[in-house]
Amino acid sequence: MKIFVAGATGAVGLPLVRALLTLGHDVTGMTRTGPGVDRLREVGASASTADAFDPKSVRDAIAAAAPDVVIDQLTMLPADPADLIKSIPNDTRLHKEGGGNLFAAAEELGVGRYILQSRGFYLDAPVGQVANETARLRYNAPGPIGESTRTMGAYEDQVLGSTALQGVVLRYGFFYGPGTWYRPDGAIAEQLRNGKATIIGDGAAVWSFVHIDDAVAATVAAVTAEPGTYNIVDDDPLPVSEWMPAFARWVDAPVPPRMSVADALAVAGEEAVYYHTSLTGASNFRAKATLGFTPRRLLWANNAHGPRYTRDMRVSQTAGHD
């Protein structure tokens with residue numbers, strides 16, 4: 001097939017491009033002007049430097065590539081996770097405007113399938129349960145997180161509700177592995193080694209991760225699979241109080257100290273507290289059943305103390321689209 005990947009040199013984008021090319025697809029990658037162009041050319045992909053915020057530029061790029069499938073992997077996240085919260089508004093704008101331009105062009109130009117990167121870590125489920133694909137995003141989250149989830153939720157609805165093309169929404173967990181923050185020489189490991197990472201409050205928020213290579217494999221499968229929503233997460237949703245010390249042991253860093261919610265609100269803000277106290281994990285049952293998704297076990301899960309959190313979790317059946 002002819003496949004157009006926006007955000008083609010990101011943590012998922014570039015390995016996805018390589019995987020698609022290996023399978024014989026004709027791939028055009030959209031990236032910013034600069035070294036990303038050479039990264040695409042050296043693996044055999046065509047490169048487009050269309051500006052995501054320019055509707056005509058995006059339309060012209062898709063018209064030139066004439067793809068069967070468009071995959072939106074656009075992100076605008078910082079190199080340093082300490083800057084995450086303040087970077088979210090720009091990332092949200094990219095999805096609202098840049099993603100909107102991409103989707104409008106795909107519909108207008110007769111693209112057959114549209115695959116959207118969404119968030120598997122912002123799903124709304126009751127405490128003690130993991131969310132399935134019917135769960136909505138956390139629209140009531142604080143500050144820029146809430147704005148992000150509302151924007152992504154509206155984008156998901158557009159993609160899934162289209163009558164012009166087949167829509168697929170992939171709700172990825174937190175990425176770990178090569179090119180991400182979560183790896184032995186990555187930014188989170190460095191924070192832990194420098195004593196800059198803490199567990200806030202009870203650390204009861206449950207995080208779902210996914211290895212970058214497993215995310216790529218699921219995305220490749222989504223090119224031809226049944227349309228709809230899939231949670232692309234591994235089998236090891238863990239609370240912050242378990243996964244962060246386990247990750248620290250895995251990367252040979254000190255176990256992080258604790259910080260009270262009151263102190264964290266004063267130092268880091270409401271959003272940081274939310275990440276450590278309110279998130280819920282996600283179920284990958286549908287992705288396993290339909291995409292043949294077989295994620296590896298979370299690489300530092302063996303370093304976690306106590307029973308695996310998933311044993312006592314139930315899948316949430318909260319209302320929403322599937």
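Residues numbered from 1 in each chain as written. Predicted model: local features only at pLDDT ≥ 70, side-chain atom pairs only at ≥ 80, totals over all residues. Heavy atoms only, no water.

J.: Sorry, what's going on with the packing of aromatic side chains here?
T.: Working definition: an aromatic ring pair is given by the centre-to-centre distance plus the angle between the planes. Enumeration according to the criterion identifies 23 aromatic pairs in this entry. Arranged with centres 4.1 Å apart and planes meeting at 20°, the rings of Phe174 and Trp207 form a pair that is stacked. Of this pair, Phe174 sits in strand S8 (residues 174-176) while Trp207 sits in strand S10 (residues 206-207); the two residues are 33 residues apart in sequence, bridging distant segments of the chain. Assigned by exposure class, Phe174 and Trp207 land together as buried. Taken together, the aromatic side chains of Phe121, Tyr122, Phe174, Tyr176, Tyr182, Trp207, Phe209, Trp243, Phe247, Trp250, Tyr275 and Trp300 make up a single cluster linked through ring pairs. (Phe/Tyr/Trp six-rings, centres within 6.5 Å; stacked < 30°, edge-to-face > 60°. Helix = DSSP H or I, 4+ residues; strand = E, 2+ residues; numbered from the N terminus. Buried < 20%, exposed > 50% of the residue type's maximum accessible area, 1.4 Å probe, protein only.)

J.: Which parts of the structure should I look at to understand unusual backbone geometry?
T.: Across residues other than glycine, the phi torsion is negative in most instances, and most of the peptide bonds are trans. The phi torsion at Ala66 lies on the positive side, around 50°, for a residue other than glycine. Note that Ala66 resides in the loop between helix H3 (55-65) and strand S4 (69-72). In this structure, Asp252 takes a positive phi of about 60° despite not being glycine. Residue classification places Asp252 among the exposed positions, given a relative accessible area of 70%.

J.: Explain the layout of surface pockets to me, please; I cannot follow it from the model alone.
T.: Volume-wise, the largest pocket comes out at about 1,200 Å³. Forming the boundary of the largest pocket are 47 residues, of which Gly10, Ala11, Thr75, Met76 and Leu77 lie nearest the centre. For the lining of the largest pocket, the secondary structure elements donating two or more residues are helix H2 (35-43), helix H4 (84-108), strand S5 (113-119) and S8. A per-element tally of the lining of the largest pocket places H4 first, with four residues. Its residues placed into classes, the lining of the largest pocket shows 24 nonpolar, 17 polar and six charged. Empty space within the second largest pocket amounts to approximately 800 Å³. Lining the second largest pocket are 28 residues, with Pro81, Ala82, Gln191, Lys196 and Ala272 positioned closest to its centre. At the level of secondary structure, the elements contributing two or more residues to the lining of the second largest pocket comprise H4, helix H6 (187-193), helix H8 (240-250), helix H9 (261-267) and helix H10 (270-277). It is H6 that provides the largest number of residues to the lining of the second largest pocket, a total of five residues. Of the residues that constitute the lining of the second largest pocket, the class distribution is 21 nonpolar, four polar and three charged. (1 Å grid on protein atoms, 1.4 Å probe; cavity = no way out; pocket = protein on both sides within 12 Å on 5 of 7 lines; lining within 4 Å. Points joined across faces, edges and corners; volume = space filled by probe spheres on them. Nonpolar A, V, L, I, M, F, W, Y, C, P; charged D, E, K, R; others polar.)

J.: Help me understand the pattern of salt bridges in this model?
T.: Between side chains of opposite charge, a pair can form when the charged atoms approach closely. Tallied over the full model, the rule gives 13 salt bridges. For Arg136, the salt bridge is made with Asp157, and the minimal N-O distance between the two is 3.1 Å. Remark: Asp157 occurs in helix H5 (residues 143-161) and Arg136 occurs in the loop between strand S6 (129-131) and H5; sequence separation between them is 21 residues. The exposure class assigned to Arg136 is partly exposed, which follows from its relative accessible area of 24%. The partner of Glu147 in a salt bridge is Arg150, with the nearest N and O atoms 3.5 Å apart. Of the two residues, Glu147 and Arg150 are both situated in helix H5; the distance of three residues between them amounts to about one turn of the helix. Taking relative accessible area as the criterion, Glu147 reaches 37% and is therefore assigned partly exposed. (Salt bridge = Lys/Arg side-chain N within 4 Å of Asp/Glu carboxyl O.)

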